[in-house]
Amino acid sequence: MMCSLLHDLRFMFVRNPADRIAAVYSHKFTDFPESRPFKRKFGPIILRKESSRQVPYLDKEEYELKDDPTYEGRHVSMDDFARYLGHVSVSKMNEHWMPAYQLCQPCSVQYDFVGRFEDLPQSADAVLEYRQLSNTVTYPQQTMFYRSPPMQHNDALSLLAQLVPLVRHKLFLIYGYDFAIFSYHVPSMQL
């Protein structure tokens, strides 16, 4: 394994942590059809832990049969999700919302290239060019599977601004290494 690492190109892509938090919530816990599996798996856990709403524990058969939307986690608010992130250990987070420093270990792996989501097509082209693959491989366009466009930075900030300052501050601390390591600015919101 180490031998192949010496000859392979090591790269990763990161996203502004504020945008990533808001986009994960938006795409995994709102009304996108693709989000249903996440709502069913994580919604009840989040609601049980962070919401004042009562969500009883169910066995698998009961869980499958319930029609009440809270059982499927359909009503997870951004506040519920943010508070949940503040209480779960970073090392136990799902990879969709785990901070990039924990997920990709940039302090342990010597990456040849770190690209940004904000300029993904250009960064991907740079990786392909570096490996002299730009004539044979192209970066794919967004597929129809993802029906929604990526969340814009201002939309993410608006969503995060709805959180109470203490919860927002805790989120920014959790993702603080991502802001610092990858040179993103912590949003200047009233904390």
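Counting starts from 1 at the beginning of each chain's written sequence and moves along it residue by residue. Given that this is a predicted model, residues contribute local features only at a pLDDT of at least 70 and side-chain atom pairs are listed and counted only at 80 or more, while totals for whole chains, interfaces and linings are drawn from all residues. Think of the side-chain values as coming from all heavy atoms in the structure, minus any hydrogens and water.

Caption draft 1: Examining the overall build of the protein chain more closely. Going along the chain from the N terminus, every DSSP run of H or I of four or more residues is numbered as a helix, and every run of E of two or more is numbered as a strand. A tally of regular secondary structure across the protein chain gives ten helices and two strands. For the protein chain, the N- to C-terminal ordering of α and β elements is α-β-α-α-α-α-α-β-α-α-α-α. Taking all 191 residues of the protein chain together, the buried fraction comes to 40%. Entry remark: accessible area of the protein chain is about 12,100 Å², with carbon and sulfur atoms responsible for 55%. Think of it in three bands: with a 1.4 Å probe and only protein chains considered, a residue is buried below 20% of the maximum accessible area for its type, exposed above 50%, and partly exposed in between. Residue-level accessible areas treat just the shown protein chains as cover; the underlying method is Shrake-Rupley with a 1.4 Å probe.

Caption draft 2: Spotlight on the confidence of the model for the protein chain. When pLDDT is averaged across the protein chain, the result is 80; 77% of the residues are at 70 or more. Here residues 1-6 is a poorly scored stretch, pLDDT under 50, and it has one contact once near neighbours within four places are set aside; other chains count. Think of pLDDT as the predictor's per-residue confidence, scored from 0 to 100. Any two residues whose heavy atoms approach within 4.5 Å are treated as being in contact. This stretch, residues 58-65, has a pLDDT under 50; its non-local contacts, to residues over four places away or in other chains, come to eight contacts.

Caption draft 3: Geometry of the pattern of salt bridges. Put simply, a salt bridge is a Lys or Arg side-chain nitrogen that is within 4 Å of an Asp or Glu carboxyl oxygen. Counted under the stated rule, the structure contains two salt bridges. Between D79 and R83 there is a salt bridge, with its nearest N and O atoms 2.9 Å apart. Placement of the pair is D79 and R83 together in helix α5 (residues 78-87), with a separation of four residues, close to one helical turn.

Caption draft 4: How the structure looks around unusual backbone geometry. A positive phi angle is found at Q105, which is not glycine, with a value near 50°. Given the relative accessible area of 33%, Q105 is considered partly exposed. Even without being glycine, S183 reaches a positive phi, approximately 60°. With respect to the secondary-structure elements, S183 resides in the segment after α10 (176-181). A relative accessible area of 52% means that S183 is categorised as exposed.

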